[in-house]
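What follows is the residue order along each chain.
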Amino acid sequence: MENETNENCKTTYIRELSTVKPSANALTTVCITNDIIEVKVHEYGYQNNLSRFKKINKLEYLDTETGEIIQFQSQNGRGGQNSSSTRNWNRAFERLRRIINYNFEGKQNELHMILTYGENNRLIDRDEMAKDFKNFWKRLKYHFGNMEYILMFEPDSHGKWHIHVLAKSENTEKLFLDNQMIQRLWHHGFTKVRSTRGNDNIGAYFTVLLNGNRKSKKSSRIQYYEKYKKLYTKSRGILIPPIYHMTYQEAEQLLQGHKKVFEKGLSVVSIEDDKELNRIYIMQYNDKKR
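Model, not experiment: these values are computed from the prediction.

(A) Highlighting the sheet that holds strand 11 (residues 191-195). Reading across the sheet, the five strands line up as 11-8-10-9-12 and stay open at both edges, with antiparallel pairing between neighbours. Each of the sheet's edge strands pairs with one partner strand only, and the pair in question is strand 11 and strand 12 (232-234). When strand polarity is set aside, the average angle formed by the axes of neighbouring strands in this sheet is 15°. Relative to strand 10 (residues 161-168), strand 9 (residues 148-155) runs antiparallel, the two sharing eight bridges. The residue of strand 10 that forms the bridge with Y149 is A167.

Set out below in structure tokens:
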């Protein structure tokens, strides 16, 4: 299976590998978020020969070996599936997924709230939504006490915006928020309160991977996100998961006894001379799936 990336830039394409076999000394990053461990291996380092291409501006790259200026345009003004924006969105969603899984495990003191707007919500911008949520959260804390949260802005398939909130209380073993009360405190549209219990990968529900020609229902919504607006905000008590750097041999020792649920190998190949520039291996372990 082959997917070309940066199509107009004409530098590399991606080939999926049939086996996942990193070498012992390959550079490896490991992120541990409670029961979930994410592993990414770069066989030949993080940059390698791709460093010959230097970005000049949003639409041009310089090939430092040939002196050629390469024109680059995405498929649409917001960054298409084959643009550098795809990688930026993937990194942003990856960070969000890890933060969620580091702070939310599906316990009884956690809840998921959905806050919507009325029929005119196309007129609501992100700054106004943030202000509305800030006022809502003040009212919520007055009635229910202090809680930590991760707030996610999300459009539907028609570009209408709504808000997802993951909330948890460290002061109680079981958190209960009455939906009718939440709707009165929000007062912009209908609301829904859900439990997170039984979900073995909460972060995956709220994030999407933009992956070449494979388009999910949520990936099509990326066109409505503004480039310089955050995907999410969080309260001060939400922790950022650490990233560990090591060799793959060291990672293998760390991963012994954990349940592998996903793996993929990708080869980054130069379009110019069909030379392999790097191999990237992605793995995920989830002990909740035992």
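After that view, the rundown keeps rolling.
(B) Quick peek at the nonpolar core. With 40 residues, the main nonpolar core has M113, F133, F136, W137, I163 and V165 as its most contacted residues. Breaking this core down by element, the ones donating at least two residues are helix 1 (84-103), strand 8 (110-116), helix 2 (126-144), strand 9, strand 10 and helix 3 (179-186). The greatest single-element share of this core, amounting to six residues, is contributed by helix 1. Residues contacting I163, with those up to four places away along its chain left out, are M113, I114, L115, M129, F133, L151, M152, F153 and W186. By size, the runner-up hydrophobic cluster in this structure holds 13 residues, among which are L17, V41, M246 and M283.

(C) Layout of the pattern of salt bridges. Scanning the entire structure with this criterion turns up 10 salt bridges. Among the ionic pairs, K40 bridges to E94, the shortest N-O distance being 3.4 Å. Pair noted here: K40 is in strand 4 (residues 36-42) and E94 is in helix 1, with a separation of 54 residues, a long-range link. Note on K40: relative accessible area 24%, which makes it partly exposed. Measuring nitrogen to oxygen at the nearest pair gives 3.6 Å for the salt bridge that ties R98 to E94. Placement of the pair is R98 and E94 together in helix 1, with a separation of four residues, close to one helical turn.

Rules used in this analysis
- Residues numbered from 1 in each chain as written.
- Predicted model: local features only at pLDDT ≥ 70, side-chain atom pairs only at ≥ 80, totals over all residues.
- Heavy atoms only, no water.
- Pairing = 2+ DSSP bridges.
- Helix = DSSP H or I, 4+ residues; strand = E, 2+ residues; numbered from the N terminus.
- Axes fitted to C-alpha atoms, helices over the stretch in contact; angles between N-to-C directions.
- Core = buried A, V, L, I, M, F, W, Y, C linked by side-chain atoms within 4.5 Å.
- Buried < 20%, exposed > 50% of the residue type's maximum accessible area, 1.4 Å probe, protein only.
- Contact = heavy atoms within 4.5 Å.
- Salt bridge = Lys/Arg side-chain N within 4 Å of Asp/Glu carboxyl O.

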